Amino acid sequence: MTSVILDCDPGHDDAIALLLTLASPEIGLLGVTTVSGNQTLDRTTANAIRVLDHLGRDDIPVAAGADRPLVRRREVAANVHGHTGLDGPELPGPGREPCAEHAVDWLAGVVDSAPEPVTLVPTGPLTNVALFLARYPELKRKLDGIVLMGGAIGEGNVTPAAEFNIWVDPEAAARVFGSGVDLTMVGLDVTHRALMTPAHAQRLASTGRAGRLVADLYDFYSRFHRDRYGWDGAPVHDACAVARVIDPTLIETCTCGVRIDTGGELSRGRTNADRWGRVGWEPNCHVAVDIDAERFLGLLVDRISGLG
Ligand code: RIB
Ligand code: CA
């Protein structure tokens, strides 16, 4: 079993990733930390709790983190996830408050006291993770690794150059990619190859509370992708990162040097991946280059269905 902390910005695909985490015996979820990203911190935090409440999982701690990037202006993705960050499903408001501690300090306490090394799974901007690494560098040795959703070898999704999570806080990403911690980047190159479809949603809708919730999340979330890309499906980006932890054979990676552009607007947030060793950068990341989409989606549907 892999001990995991999910650092997220729910967000429809974060919510599905959280459900997949809870449904998978390969993962021991130590807790959830939240960050400003798809929506403001108050909303992403409320959404994480709302999803856990839906499954009666008040045993899973939630700690709120950074309410803005390290240095850039706060950006959200209301055009994708709506005003609440989880538009679509009818979910009650959060039934509890997050932990009193800031996510970065909460993370440090859990990582430091964990009996075995912890895997961080960030599925939002990397602000919390960068702050954690800066404030508690001595705890790097207690991390088994970081498996993040973000970036792209190819085109971005918020600009031609950059993927949203990296674009929101490029300085944080640069810190994480330069940290020396074992890093896996699950980017758009693979998440866009594994689209959840109406058929998957339909199968899930009748399997119980969790499946119904995912079907309702999909119904709202897929509209953006239909309008933007003309797809009859939607990428469950964050669940791909969780799936990599569950079964690494689902996603093929290549280890290479990746450097983050923290510059001006056109290239801001680009994950420059030296996949073919052209520029001889020190390899610092396992970059996802392919996904077994059928097995991933089968796992997702089976596990969410099993939640009842
Ligand atoms: O670019 C996709 C990523 O940005 C996903 O994690 C989505 O939830 C948003 O955070
Ligand atoms: Ca996310």
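This text follows the structure it describes.
Per-chain numbering applies: the sequence of each chain, read as written, is numbered from 1 onward. Going through the entries in the order they are written, you letter the chains from A and number the ligands from 1. Totals for whole chains, interfaces and linings use all residues, but because this is a predicted model, local features are given only for residues with pLDDT of at least 70 and pairs of side-chain atoms are given and counted only at 80 or more. Derived side-chain values reflect all non-hydrogen atoms in the structure, with water molecules and hydrogen atoms excluded from consideration.

1. Topic: the overall build of the chain
And then number 1: Helical segments are the DSSP runs of H or I of at least four residues, strand segments are the runs of E of at least two, and each set is numbered from the N terminus. Looking only at helices and strands, one finds 12 helices and 12 strands in the chain.
And then number 2: Its C-alpha atoms give the chain principal-axis dimensions of roughly 50 × 45 × 35 Å.
And then number 3: Burial classification: accessible surface area is computed with a 1.4 Å probe over protein chains only, and a residue below 20% of its type maximum counts as buried, one above 50% as exposed, and the rest as partly exposed. Classification of the 308 residues of the chain by burial places 59% in the buried group.
And then number 4: Restricting the contact set of the chain to residue pairs at least 6 apart, pairs at least 24 apart contribute 82%.
And then number 5: In this description, accessible areas are obtained by the Shrake-Rupley approach with a 1.4 Å probe, and a residue is regarded as covered only by the protein chains that are shown. Carbon and sulfur atoms make up 49% of the accessible area of the chain, which amounts to about 11,900 Å² in all. We call two residues in contact when some of their heavy atoms are within 4.5 Å.

2. Some thoughts on the site of ligand 1
And then number 1: As a structural note, the neighbourhood of ligand 1 is formed by Asp9, Asp13, Asp14, Asn38, Thr123, Met149, Asn157, Glu163, Phe164, Asn165, His237 and Asp238.
And then number 2: Contacts to ligand 1 include Asn38, whose side-chain N or O atom sits 3.0 Å from an oxygen atom.
And then number 3: In the analysis that follows, any N or O atom pair within 3.5 Å is treated as a polar contact, provided that within protein one partner can donate a hydrogen and the other can accept it, and provided that, for residues neighboring in sequence, both atoms belong to side chains. Within the backbone of Thr123, a nitrogen or oxygen atom sits 2.9 Å from an oxygen atom of ligand 1.
And then number 4: Contact with the protein chains hides 97% of the accessible area of ligand 1, taken as 270 Å² for the molecule alone.
And then number 5: Mapped by element, the contributors of at least two residues to the shell around ligand 1 are helix H1 (12-22), helix H6 (164-168) and helix H11 (237-246).
And then number 6: Residues are grouped as follows: nonpolar covers Ala, Val, Leu, Ile, Met, Phe, Trp, Tyr, Cys and Pro; charged covers Asp, Glu, Lys and Arg; every other residue, Gly included, is treated as polar. Of the residues that constitute the shell around ligand 1, the class distribution is two nonpolar, five polar and five charged. Any residue with a heavy atom positioned within 4 Å of a molecule or strand is treated as near that molecule or strand.

3. Remarks on the packing of helix H9 (residues 198-205) against helix H10 (residues 209-229)
And then number 1: Where H9 meets H10, the axes come as close as 7 Å, and the angle between the chain directions of the two elements is 150°. Here H9 is positioned roughly antiparallel relative to H10, judged by the angle of their axes. Pair H9 / H10 crosses with left-handed handedness. Across the interface between the two elements, Pro198, Ala201, Leu204 and Ala205 of H9 pack against Gly211, Arg212, Val214, Ala215 and Tyr218 of H10. Note on geometry: axes are C-alpha line fits, over the in-contact stretch for helices, and angles between N-to-C directions span 0 to 180 degrees. Put simply, angles under 35 degrees are roughly parallel, angles over 145 are roughly antiparallel, angles from 65 to 115 are roughly perpendicular, and the rest are oblique. Each crossing is labelled by how the near helix is turned from the far one, with a counterclockwise turn of less than a right angle marking it left-handed and a clockwise turn marking it right-handed.

4. Side note on the sheet that holds strand E2 (residues 27-34)
And then number 1: Strand order in the open sheet formed by eight strands is E3-E2-E1-E4-E5-E6-E12-E9, with mixed pairing between adjacent strands. Both outer strands of the open sheet, strand E3 (62-64) and strand E9 (251-256), are each paired with one neighbouring strand and no more. Averaged over all adjacent pairs, the angle separating strand axes in this sheet is 25°, with direction ignored.
And then number 2: Here, any two strands with at least 2 DSSP bridges between them count as paired. Two strands pair when backbone bridges link them, and E9 and strand E12 (residues 285-291) are joined in this way by six bridges, in the antiparallel orientation. Paired with Ile251 across the strands is Ile291, a residue of E12.
And then number 3: With respect to the sheet, H11 is in contact with strand E1 (2-8), E2, strand E4 (118-122), strand E5 (143-149), strand E6 (183-186), E9 and E12, its orientation differing from that of E5 by roughly 150°.

5. Concerning the environment of Ala174
And then number 1: Positionally, Ala174 belongs in helix H7 (residues 170-177).
And then number 2: Measuring from C-alpha to C-alpha, the distance between Ala174 and Glu252 comes to 23 Å, with 78 residues separating the pair along the chain.
And then number 3: Apart from residues no more than four positions distant in its own chain, Ala174 is found in contact with Ile260 and Thr262.

6. A word on the nonpolar core
And then number 1: Buried Ala, Val, Leu, Ile, Met, Phe, Trp, Tyr and Cys residues that are joined via side-chain atoms within 4.5 Å together make up what is termed a nonpolar core. Formed by 66 residues in total, the largest nonpolar core has its most connected members in Val32 and Phe296.
And then number 2: Residue contributions to this core peak at eight residues, all from H10.
And then number 3: Grouped together as the second largest cluster of nonpolar side chains are 37 residues, Leu133, Val181, Cys254 and Cys256 included.

7. Describing the coordination of the calcium ion (ligand 2)
And then number 1: Note on the calcium ion (ligand 2): its protein donors are Asp9 (OD), Asp14 (OD), Asp14 (OD), Thr123 (O) and Asp238 (OD). The metal-donor distances range over 2.1 to 2.6 Å.
And then number 2: All donors to the calcium ion (ligand 2) come from one chain, and their sequence spacing reads D-x4-D-x108-T-x114-D. We note that Asp9, like Asp14, is buried. Coordination shells were defined by N, O and S atoms within 2.8 Å of each metal, extended to 3.2 Å for Na, K and Ca; water is absent from the atom set, which can make sites look incomplete.

8. Let's talk about the environment of Thr191
And then number 1: By the secondary structure assignment, Thr191 is in helix H8 (residues 188-191).
And then number 2: C-alpha of Thr191 to C-alpha of Pro125: the two residues are 66 residues apart in sequence and 17 Å apart in space.
And then number 3: Leave out the neighbours within four places in its chain, and Thr191 touches Met149, Val186, Pro235, His237 and Cys240.
And then number 4: A polar contact is formed between the side chain of Thr191 and the side chain of His237, at a distance of 2.8 Å.

9. Here we look at the pattern of salt bridges
And then number 1: Think of a salt bridge as a Lys or Arg side-chain nitrogen and an Asp or Glu carboxyl oxygen that are within 4 Å of each other. Under the defined criterion, the tally for this structure stands at 13 salt bridges.
And then number 2: Note that Arg72 is salt-bridged to Glu265, the shortest N-O span being 3.9 Å. Pair noted here: Arg72 is in the loop between E3 and helix H3 (78-81) and Glu265 is in the loop between strand E10 (258-260) and strand E11 (271-273), with a separation of 193 residues, a long-range link.
And then number 3: Residue Arg72 is classed as buried on the basis of its relative accessible area, which comes to 17%.
And then number 4: Judged by its relative accessible area of 51%, Glu265 is exposed.
And then number 5: For Arg73, the salt bridge identified is with Glu75, shortest N-O distance 2.7 Å.
And then number 6: Using a relative accessible area of 17% as the deciding quantity, one classes Glu75 as buried.

Any functional reading would require information that these geometric values do not contain.
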